[in-house]
Amino acid sequence: MNHVEIHTDGACKGNPGPGGWGVVLQSGASRKELFGGELGTTNNRMELTAVIEALAALKRPCTVDLYLDSEYVRKGITEWIGGWKARGWKTAAKQPVKNVDLWQRLDALVSGAGHEIRWHWVRGHAGNPGNERADALANLGVDQALGR
């Protein structure tokens, strides 16, 4: 399987407000950058969308090292999702899971695409080049959503 290193980030100006997501995919000498945005969204939705768009961009099963600065996304997909699914997409407090539409899309990509994914949390805005570039792309997504 090809190895791909992915950096993702989300941004939101106001929460909720206009938001953007950014992705950097690197495999050997090949590099691809993606970004997009929405007007009425939240930071967590943009963090999730970045990971979804990154994994959806992979055309065949890959070994993935995925770097993100969102503990919400990392813990959600590696720790919490099993319980949410067992409880019919409810939290331990019996409340509906927020962003369930995106969690279900991410779950399908993680469990159904044949990727081997290693999830790595990185501190945001701490000088990590991949995270800094993904952040810049997410901010381009905000600008795109605002028509700038």
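This section reports on the structure supplied with the text. (Residues numbered from 1 in each chain as written. Predicted model: local features only at pLDDT ≥ 70, side-chain atom pairs only at ≥ 80, totals over all residues. Heavy atoms only, no water.)

1. So, the layout of surface pockets
Here is step 1 of the chain: In this structure, the largest pocket encloses a volume near 210 Å³.
Here is step 2 of the chain: As for the largest pocket, its lining consists of 13 residues, of which Val4, Leu25, Ser27, Ala57 and Leu58 are closest to the centre.
Here is step 3 of the chain: Taken together, the elements giving at least two residues each to the lining of the largest pocket come down to strand 1 (2-12), strand 2 (17-27) and strand 3 (30-41).
Here is step 4 of the chain: In the lining of the largest pocket, the residues fall into five nonpolar, four polar and four charged. (1 Å grid on protein atoms, 1.4 Å probe; cavity = no way out; pocket = protein on both sides within 12 Å on 5 of 7 lines; lining within 4 Å. Points joined across faces, edges and corners; volume = space filled by probe spheres on them. Helix = DSSP H or I, 4+ residues; strand = E, 2+ residues; numbered from the N terminus. Nonpolar A, V, L, I, M, F, W, Y, C, P; charged D, E, K, R; others polar.)

2. Let's talk about the pattern of salt bridges
Here is step 1 of the chain: Applying the stated criterion across every chain yields a total of seven salt bridges.
Here is step 2 of the chain: Where Arg31 meets Glu33, a salt bridge forms, and the shortest distance between an N and an O atom there is 3.2 Å.
Here is step 3 of the chain: Assessed through its relative accessible area of 48%, Arg31 is described here as partly exposed.
Here is step 4 of the chain: Assessed through its relative accessible area of 32%, Glu33 is described here as partly exposed. (Salt bridge = Lys/Arg side-chain N within 4 Å of Asp/Glu carboxyl O. Buried < 20%, exposed > 50% of the residue type's maximum accessible area, 1.4 Å probe, protein only.)

3. Things to note about the packing of aromatic side chains
Here is step 1 of the chain: Per the stated rule, a full pass over the model turns up three aromatic pairs.
Here is step 2 of the chain: Considering the side-chain rings of Tyr72 and Trp103, the 5.3 Å spacing of their centres and the 70° angle between planes classify their relative orientation as edge-to-face. With Tyr72 in helix 2 (residues 71-86) and Trp103 in helix 3 (residues 100-112), this residue pair connects regions lying 31 residues apart in the sequence.
Here is step 3 of the chain: For Tyr72, a relative accessible area of 19% puts it in the buried group.
Here is step 4 of the chain: By relative accessible area, Trp103 is classed as buried at 0%.
Here is step 5 of the chain: Judged by centre distance (6.0 Å) and plane angle (55°), the ring pair of Trp80 and Trp84 falls under tilted. Here Trp80 and its partner Trp84 are both found in helix 2, four residues apart, which amounts to about one turn of the helix.
Here is step 6 of the chain: Given the relative accessible area of 8%, Trp84 is considered buried.
Here is step 7 of the chain: Cluster of aromatic residues (ring-pair linked, three or more members): Tyr72, Trp80, Trp84 and Trp103. (Phe/Tyr/Trp six-rings, centres within 6.5 Å; stacked < 30°, edge-to-face > 60°.)

4. Points about the packing of helix 1 (residues 43-56) against helix 3
Here is step 1 of the chain: Two numbers describe how helix 1 lies on helix 3: the axes approach to 10 Å, and their chain directions differ by 25°. The orientation of helix 1 with respect to helix 3, classified from their angle, is roughly parallel. In terms of crossing hand, the pair formed by helix 1 and helix 3 is left-handed. Between helix 1 and helix 3, the residues in contact are Arg45, Leu48, Thr49, Val51, Ile52, Glu53, Leu55 and Ala56 and Asp101, Leu102, Trp103, Arg105, Leu106, Leu109 and Val110, respectively.
Here is step 2 of the chain: Residues belonging to the contact of helix 1 with helix 3 are distributed by class as follows: ten nonpolar, one polar and four charged. (Axes fitted to C-alpha atoms, helices over the stretch in contact; angles between N-to-C directions. Parallel < 35°, antiparallel > 145°, perpendicular 65-115°, else oblique. Left-handed = near helix turned anticlockwise from the far one by under 90°. Contact = heavy atoms within 4.5 Å.)

5. So, the pairing of strand 1
Here is step 1 of the chain: Burial runs high along strand 1: eight of the eleven residues are buried.
Here is step 2 of the chain: In terms of strand pairing, strand 1 meets strand 4 (residues 62-68) through seven bridges, oriented parallel. In the sheet register, Asn2 faces strand 4, and the bridge partner there is Cys62.
Here is step 3 of the chain: The hairpin formed by strand 1 and strand 2 contains four residues between the paired strands, and Gly14 there has a positive phi angle of roughly 95°. (Pairing = 2+ DSSP bridges.)

6. Things to note about helix 4 (residues 129-145)
Here is step 1 of the chain: Across its 17 residues, helix 4 extends 24 Å between first and last C-alpha, which sits within 8% of the 24 Å expected from 1.5 Å per residue.
Here is step 2 of the chain: By the burial criterion, the buried members of helix 4 are Gly130, Asn131, Ala134, Asp135, Leu137, Ala138, Gly141 and Val142. For helix 4, the arc enclosing every buried residue in end-on projection is 165°, short of the 170-degree limit, so these residues lie on one face.
Here is step 3 of the chain: Considering only its buried residues, helix 4 is in contact with strand 1, strand 2 and strand 3.
Here is step 4 of the chain: Near the N-terminus of helix 4, the side chain that reaches the backbone nitrogen of Gly130, with its oxygen 3.1 Å away, is that of Asn128.
Here is step 5 of the chain: Where helix 4 terminates, the next one or two residues include Gly147, which has phi positive at roughly 75°. (Expected span 1.5 Å × (residues − 1). Arc of directions from axis to C-beta. Polar contact = N/O pair within 3.5 Å; in protein donor to acceptor, adjacent residues only side chain to side chain.)

Structural measurements only, silent on function.
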